[in-house]
Amino acid sequence: NFCFKVDRLLGKMSASNLKPFTVLVEGNIGSGKTTFLEHFQQFQDITLLTEPVEEWRNLKGWNLLDLMYKDPAKWAMTFQSYVTMTMLDMHRRPTSTPVKLMERSLYSARYCFVEHMMRNGTLHPAQFAVLDEWFRFIHREIPIDVDLIVYLKTTPQVVHDRIKKRARSEEQCVPLSYIEELHKLHEDWLVNRTFAECPAPVLMIDADLDLSQITEEYKKSEHQILKRAV
Ligand code: DCP
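As the structure is a computational prediction, the values presented were derived from the model and not from experiment. (Residues numbered from 1 in each chain as written. Predicted model: local features only at pLDDT ≥ 70, side-chain atom pairs only at ≥ 80, totals over all residues. Heavy atoms only, no water.)

S.K.: So, the overall build of the protein chain: which residues are in play, and what are the values?
M.R.: Helix and strand counts for the protein chain stand at ten helices and five strands. For a compact globule of 230 residues, the expected C-alpha radius of gyration is about 17 Å, and the protein chain comes in at 18 Å, within 12% of that figure. For the C-alpha atoms alone, the extent of the protein chain along its principal axes is close to 60 × 40 × 40 Å. A buried classification covers 48% of the 230 residues belonging to the protein chain. Look at the contacts in the protein chain between residues 6 or more apart in sequence, and 76% of them connect residues 24 or more apart. Per element, the accessible surface of the protein chain, about 12,100 Å² overall, is 55% carbon and sulfur. Of the side-chain charges in the protein chain, 29 are positive and 31 negative, and the distance between the mean point of each set is 3 Å. (Helix = DSSP H or I, 4+ residues; strand = E, 2+ residues; numbered from the N terminus. Rg over C-alpha atoms; globule rule 2.2 N^0.38 Å. Buried < 20%, exposed > 50% of the residue type's maximum accessible area, 1.4 Å probe, protein only. Contact = heavy atoms within 4.5 Å. Areas by Shrake-Rupley, 256 points an atom, 1.4 Å probe, with all protein chains shown as cover. Lys, Arg positive; Asp, Glu negative; His and termini not counted. Charge placed at Lys NZ, Arg CZ, Asp CG, Glu CD.)

S.K.: Describe the site of the ligand, naming the residues involved and giving the relevant values.
M.R.: Around the ligand, 22 residues are found, and the nearest of them are Glu51, Tyr69, Arg104, Arg166 and Glu171. One of the side-chain nitrogen or oxygen atoms of Arg104 is found 2.6 Å away from an oxygen atom of the ligand. Within the side chain of Arg168, a nitrogen or oxygen atom sits 2.8 Å from an oxygen atom of the ligand. The fraction of the free accessible surface of the ligand (590 Å²) that becomes covered by protein chains is 97%. (Near = heavy atom within 4 Å. Polar contact = N/O pair within 3.5 Å; in protein donor to acceptor, adjacent residues only side chain to side chain.)

S.K.: Let's hear about the nonpolar core: which residues, and what values?
M.R.: Counting residues in hydrophobic clusters, the biggest one holds 46 residues, and the most contacted among them are Tyr107, Leu123, Ile149 and Trp189. Those elements giving two or more residues to this core turn out to be helix H3 (53-57), helix H4 (64-70), helix H5 (72-92), helix H6 (106-119), helix H7 (125-141), strand S4 (148-153), helix H8 (156-166) and helix H9 (176-192). Excluding its chain neighbours within four sequence positions, the residues that come into contact with Ile149 are Leu24, Glu26, Trp189, Leu190, Cys198, Pro199, Ala200, Pro201, Val202 and Leu203. Of all hydrophobic cores here, the second largest spans 18 residues; its members include Val25, Val99, Leu203 and Ile225. (Core = buried A, V, L, I, M, F, W, Y, C linked by side-chain atoms within 4.5 Å.)

S.K.: Break down the packing of aromatic side chains for me, with residues and values.
M.R.: Here the structure, examined in full by the defined rule, presents ten aromatic pairs. When the centroid spacing of 5.7 Å and the interplanar angle of 45 degrees are considered together, the rings of Phe40 and Phe43 count as tilted. The buried category is assigned to Phe40, whose relative accessible area is 1%. The exposure class assigned to Phe43 is partly exposed, which follows from its relative accessible area of 22%. Taking 5.4 Å as the distance between ring centres and 85 degrees as the angle between the ring planes, the aromatic pair formed by Trp56 and Phe79 counts as edge-to-face. Taken as a pair, Trp56 in helix H3 and Phe79 in helix H5 lie far apart in primary sequence, 23 residues in all. The pair Trp56 / Phe79 is uniform in exposure class, with both members buried. (Phe/Tyr/Trp six-rings, centres within 6.5 Å; stacked < 30°, edge-to-face > 60°.)

S.K.: Kindly report on H5, identifying the contributing residues and their values.
M.R.: Relative to the 30 Å expected for 21 residues at 1.5 Å per residue, H5 spans 29 Å between its end C-alpha atoms, a close match to the ideal helical length. By the burial criterion, the buried members of H5 are Ala76, Met77, Phe79, Gln80, Tyr82, Val83, Thr84, Thr86, Met87, Leu88, Met90 and His91. (Expected span 1.5 Å × (residues − 1).)

S.K.: Break down the pattern of salt bridges for me, with residues and values.
M.R.: The full count for this structure, using the stated rule, is 18 salt bridges. One salt bridge in this structure joins Arg57 and Glu170, with 2.8 Å as the shortest N-O distance. Here Arg57 is found in helix H3, whereas its partner Glu170 is found in the loop between H8 and H9, with 113 residues between them in sequence. Judged by its relative accessible area of 22%, Arg57 is partly exposed. Via salt bridges that share partners, Arg110, Glu115, Arg119, Asp132 and Arg136 belong to a single interconnected network. (Salt bridge = Lys/Arg side-chain N within 4 Å of Asp/Glu carboxyl O.)

Here it is in structure tokens:
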């Protein structure tokens, strides 16, 4: 028992000098990313970084998420540039634990949301060019470590129903077509690998299951994530 404790302590000390094993949790809107992160609250030695949606909803009193949904042509650029900043902050945040779990990333912002807004014309090509240059600059100049991506794969209709049920005020007019297009971009990025770089191996999870059954599904990923925790 004593040896085990010393071992663990040494493990922790050496782990704190190392880079954490970094896991990105990705998936469509309403796929259960937050619930997935909450599942890992029960374990020690993991830092959980949930998405800064609350920051997007209140920047000096301004609800950028709401502004973007109400008038995308005017506010998408502002919103996505703030997302870039808050995501970079999460990627760079130091952790004292050997495992770091992050909800979303700079990658899904660029390869799913910004990509969609460029393709459907919400972003002016010049606005897209600026966001893309920021992404490329960060990618080139700042180390962003990713070791594993957990992809919560869903069916668009299922998450659309969930989004309506959870009734986040800003998302009330999100059409099924938008969810379908975002789904396709996640698939192209993480499964088909057709247009964008995938920065780490992908672990796919069936996230269509409802809350009563999803824990079993989440457990399947525990081994891959926890083997890195001391
Ligand atoms: N969003 C966006 N652009 C981004 C990231 C998010 O427009 N680069 C929007 C889409 C949603 C809201 O922000 O309206 C939050 O989306 P997420 O899918 O990131 O988070 P959820 O809260 O839906 O995650 P989940 O339900 O899976 O926990």
